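What follows is the residue order along each chain.
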Amino acid sequence: MNTKNPTPDNIITAYKDAPARTVTTEGVTYAFRELGPKGGIPVVFFVHLAATLDNWDPRIIDPIAKKHHVIAFDNRGVGASTGTVPDNIEAMADDAVRFIRALGFDKVDIFSFSLGGMIAQDLVVRHPELVRKLILTGTGPAGGKNIDKVAGTTYYDTLRATLARRDPKEFLFFNRNATGKRAAHAFVERLAERTTDRDMPIKVKAFQTQLKAIKKWGRARPADLSKITAPTLIANGDNDRMVPSVLSEDLHRRITGSELIIYPDSGHGGIFQHHDKFAPTALEFLAR
C-alpha cells in the first residue's frame, strides 16, 4: 500500500485526481482511491452493479471529500482488485469488512448505492460496531419485491442502449424523457472527467456473478433491519426501474429513525440527477 499522504496544503478533493492505491489482505489485493482530509471517521463508498472505481459521480464524491476522508474501492474480482467475485451478498460484505480493517479502521461511515447498499445492509446488521452512519441510495432489502428481476431489466436496457449507441447507464439510471436524457448525458460526461490512470472494466463473468448474487438477495429471507441502530439516510428517485422505489420506502419503515428522500421525475440514478440537492443533504447528515 502506498502510504504517501498529501500534505495539509495540497489535500486532494477532486476524485479525478485521487491516486490509485492497493492494499492486500488474506490473499486479495483491493484497489482503492482516497481523497479529502485525513483524520476522523472516513466515508467508505460502496459501488453499484458492474461498477469500478471510475463509476462514482464526482458531483457527489467531491463535495463530501472537501469535508471528509473519502475512500472508494473495487469489490473483490472487480476492476483492478484481484480474486473472484462472490455469488452472494454476504461474502461481498465480508470482503468489505476485510478491506476496511486492512486499512486500520474500526469505525466508518458508509455511502452506498444499489448493489453497494445491499452489501452495506448485510455488513451493518452483522457488524454494527463498525458503522457510525449509513447512507443507502437506490437500493432495497433482502427479499424485496422484484429485486430478483434486476438481471432481466439490466439485459433489456443494455440491449436498448447498444442499439441506440448509448451508455447502458443512460437507460438503467435515468428516465427516458427530456429531463432524464439531459441528466443522463451530463452524468456520463462527468464519469469521463478522469483521464489518466483509469480503472480496468469489469469482466463479463464477474458482472454475471454479481447479477446472480442480486437474484439470491431478492429471493432471500428478509433480514431483521430493526437491528440497525446507526443513523440512516435513504434516498432514491420516484421511478426506479432497477430497484423499485417502493423498496426505499420499505427500508425507511423498517430502519428505526431513518430519513427518506424521494426525488421527483427521476429513476435509479436520482441522487446523480439531483446531485446539487443531494450532496449538501448527505454532508449535513454526516456532520451531525
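Residues numbered from 1 in each chain as written. Predicted model: local features only at pLDDT ≥ 70, side-chain atom pairs only at ≥ 80, totals over all residues. Heavy atoms only, no water.

(A) Structural view of the overall build of the chain. In terms of helices and strands, the chain carries 10 helices and eight strands. For 288 residues, the compact-globule estimate of 2.2 N^0.38 gives 19 Å, and the chain sits close to it at 17 Å. In terms of its C-alpha atoms, the chain occupies a principal-axis envelope of roughly 45 × 40 × 35 Å. Within the chain, the fraction of its 288 residues that count as buried is 55%. (Helix = DSSP H or I, 4+ residues; strand = E, 2+ residues; numbered from the N terminus. Rg over C-alpha atoms; globule rule 2.2 N^0.38 Å. Buried < 20%, exposed > 50% of the residue type's maximum accessible area, 1.4 Å probe, protein only.)

(B) Region of the structure containing the sheet that holds strand S8 (residues 259-263). With mixed pairing, eight strands are arranged side by side in an open sheet as S1-S2-S4-S3-S5-S6-S7-S8. Both outer strands of the open sheet, strand S1 (20-25) and S8, are each paired with one neighbouring strand and no more. Averaged over all pairs of adjacent strands, the angle between their axes in this sheet comes to 25°, without regard to strand direction. Here strand S3 (residues 43-46) pairs with strand S4 (residues 70-73) via three bridges, running parallel. Within S4, the position partnered with Val44 by the bridge is Ile71. (Pairing = 2+ DSSP bridges. Axes fitted to C-alpha atoms, helices over the stretch in contact; angles between N-to-C directions.)

(C) Main features of the layout of surface pockets. Of the voids in this model, the largest pocket is the one considered here, and its volume is about 330 Å³. Considering the residues around the largest pocket, the lining is formed by 19 residues, among which Ala50, Thr158, Pro168, Leu172 and Phe207 are closest to the centre. Sorting the residues of the lining of the largest pocket by element identifies helix H4 (150-164), helix H5 (168-172) and helix H7 (204-218) as the ones contributing at least two each. Residues that form the lining of the largest pocket fall into these classes: 10 nonpolar, six polar and three charged. (1 Å grid on protein atoms, 1.4 Å probe; cavity = no way out; pocket = protein on both sides within 12 Å on 5 of 7 lines; lining within 4 Å. Points joined across faces, edges and corners; volume = space filled by probe spheres on them. Nonpolar A, V, L, I, M, F, W, Y, C, P; charged D, E, K, R; others polar.)

(D) How the structure looks around the environment of Ile61. Tracing the backbone through its elements, the reader meets Ile61 in helix H1 (residues 58-65). Residue classification places Ile61 among the buried positions, given a relative accessible area of 0%.

(E) Looking closely at the environment of Asp250. For Asp250, the position within the fold is in helix H8 (residues 246-254). With a relative accessible area of 17%, Asp250 lands in the buried category. Residues Asp250 and Thr179, 71 residues apart in the sequence, show an inter-C-alpha distance of 27 Å.

(F) Spotlight on the confidence of the model for the chain. Confidence in the prediction for the chain averages 96 pLDDT; 97% of positions are at 70 or higher. Of the regions scoring below 50 in pLDDT, residues 1-7 engages in 12 contacts with residues more than four places distant in sequence or in other chains. (pLDDT = per-residue confidence, 0-100. Contact = heavy atoms within 4.5 Å.)

(G) Spotlight on H7. The end-to-end C-alpha distance of H7 is 21 Å, a good match for the 21 Å that 15 residues give at a rise of 1.5 Å each. Taken together, the buried positions of H7 are occupied by Ala206, Phe207, Thr209, Gln210, Leu211, Ala213, Ile214, Trp217 and Gly218. Elements that come into contact with the buried residues of H7 comprise helix H2 (89-102), helix H3 (115-126) and H4. (Expected span 1.5 Å × (residues − 1).)

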